[in-house]
Amino acid sequence: GVIVLSWYPPGMADENGEPTDDLVPVILDYARKYNLKVTFHIEPYKDRDDRSMYHNVKYIIDKYGGHPAFYRHKTSTGRFLPMFYVYDSYVTIPEIWANLLTTSGSQTIRNTPYDALFIALLVEERHKHDIHRSGFDGMYTYFATNGFSYGSSHHNWASLKAFCDSNNLMFIPSVGPGYIDTSIRPWNNHNTRNRVNGKYYETAFSAALLVRPEIISITSFNEWHEGTQIEKAVPKRTGQVVYLDYKPHKPNVYLELTQKWSEKYRKEQEQWLM
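Since the structure is predicted, the reported quantities are computational estimates derived from the model, not experimental observations.

> Any details on the nonpolar core? Residues and values, ideally.
Core analysis: the largest hydrophobic core is formed by 56 residues, its most contacted members being Phe40, Phe84, Phe118 and Met139. What phenylalanine 84 contacts, discounting residues up to four positions off in sequence, is Thr39, Phe40, Ile42, Val57, Ile60, Ile61, Ala116, Leu117, Phe118 and Ile119.

Here you go:
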């Protein structure tokens, strides 16, 4: 029920795109229409640090926080807080993050109107200690390739969840339907993961459910150039690029699998909480 929107500050974008902050109001309005919520995946924009993050979080909450589709997560203490995923968080040292994310930090956002849940990206095992020291509220694994990184390897999720449980952190495993990015990274075929007619996606969901996480994230909805899309797909070719379809299945087979596992996850969560 929650869309996590890739976000750069106004006027900024990655090297392959255009600024997109202007689209946020439209996306929020459509999300409301379909009873969805929207939260933000903050990209590693130029000069991202404790000060710029404070200003950007304030900007997002001031501008979009009043919208009915703006996501707030119910915490264990009963508070409803905004949630931000922070991509490539490990490129900034823990001391800088701690300025923003710990109560004694010089730029602290804690216990202010802009307090939120901040979720860091875990790639290597050592990052779990940095994430804890930084003052983050949790970690996610992002990559859709099982075995690509320590964090994205399903067999490491149990120990990461145990670490998070013992340090009062959220663990958010990320699942994906497959992976193929050789159209943009021809040298990376060793990280290709075949969809196996939906079985790869189901295996990832199954592994995530085993560790009983509070949230599961899906990477992605429409990232075609990395082969992780779950949106409707039909056969298509443009120039030299052939877009992978879901034949012999229906165009919306991955949306149906997402729905199936979301319902299974909800039912299992009810059992855990009893």
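What follows picks up the thread again.
> Which residues make up the layout of surface pockets, and what values do they have?
Of the pockets and cavities examined, the second largest pocket occupies roughly 710 Å³. Along its surface, the second largest pocket is lined by 29 residues, and Thr75, Ser76, Asn168, Met170 and Glu214 are the ones closest to its centre. At the level of elements, strand S3 (73-74), helix H5 (157-166), strand S8 (170-172) and helix H7 (253-272) are the ones that each hand at least two residues to the lining of the second largest pocket. Classifying every residue of the lining of the second largest pocket by side-chain character gives 11 nonpolar, nine polar and nine charged.

> With reference to specific residues and values, describe helix H4 (residues 127-134).
Buried within H4 we find His127, Lys128, Ile131 and Ser134. All buried residues of H4 project into a common sector of 125 degrees when viewed along the axis, lining one side. Those residues of H4 that are buried are in contact with helix H3 (94-101), strand S6 (117-121), strand S7 (138-140) and H5.

> Outline the sheet that holds strand S2 (residues 37-42), supporting the account with residue identities and numerical values.
The sheet built from six strands is open, its strands ordered S1-S2-S5-S6-S7-S8 with parallel pairing. With partners counted over all chains shown, the strands left at the sheet margins are strand S1 (2-7) and S8, one partner each. The average angle at which neighbouring strand axes cross in this sheet is 25 degrees, direction not considered. Note: S6 against S7, three bridges, orientation parallel. Residue alanine 120 lies in a different strand from S7, and its bridge partner there is methionine 139. Contacts between H5 and the sheet are confined to S7 and S8, with S8 contributing the most and set at about 155 degrees to the helix.

The rules behind these values
- Starting from 1, residues in each chain are numbered consecutively following that chain's sequence as written.
- Note on the predicted model: pLDDT of at least 70 is required for a residue's local features to be given, and 80 or more for side-chain atom pairs to be given and counted; whole-chain, interface and lining totals, by contrast, use all residues.
- Remark: hydrogens and water are excluded; side-chain values derive from all non-hydrogen atoms of the structure.
- Here, nonpolar core means buried Ala, Val, Leu, Ile, Met, Phe, Trp, Tyr and Cys residues that are tied together by side-chain atoms lying within 4.5 Å of each other.
- Buried means the residue's accessible area, taken with a 1.4 Å probe over protein chains only, is under 20% of the maximum for its type, while exposed means over 50%, and partly exposed covers the values in between.
- Residue contacts follow a heavy-atom distance rule, with two residues in contact if any of their heavy atoms lie within 4.5 Å.
- Of the grid points, spaced at 1 Å and generated over the protein atoms alone, those admitting a 1.4 Å probe that cannot get out make up cavities, while open sets with protein on both sides within 12 Å along at least five of seven lines make up pockets; any residue with an atom within 4 Å of a point is treated as lining.
- Grid points are joined across faces, edges and corners, and a volume is the space filled by probe spheres set on the points.
- Helix and strand labels come from DSSP, where a helix needs a run of H or I of at least four residues and a strand needs a run of E of at least two; each type is numbered from the N terminus.
- Three residue categories are used. Nonpolar comprises Ala, Val, Leu, Ile, Met, Phe, Trp, Tyr, Cys and Pro, charged comprises Asp, Glu, Lys and Arg, and polar comprises the others, including Gly.
- Arc definition: directions from the helix axis to the C-beta atoms.
- Any two strands between which DSSP finds at least two bridges are classified as paired.
- Axis definition: a line fit to C-alpha positions, over the contact stretch in the case of helices; interaxial angles, taken between N-to-C directions, run 0 to 180 degrees.

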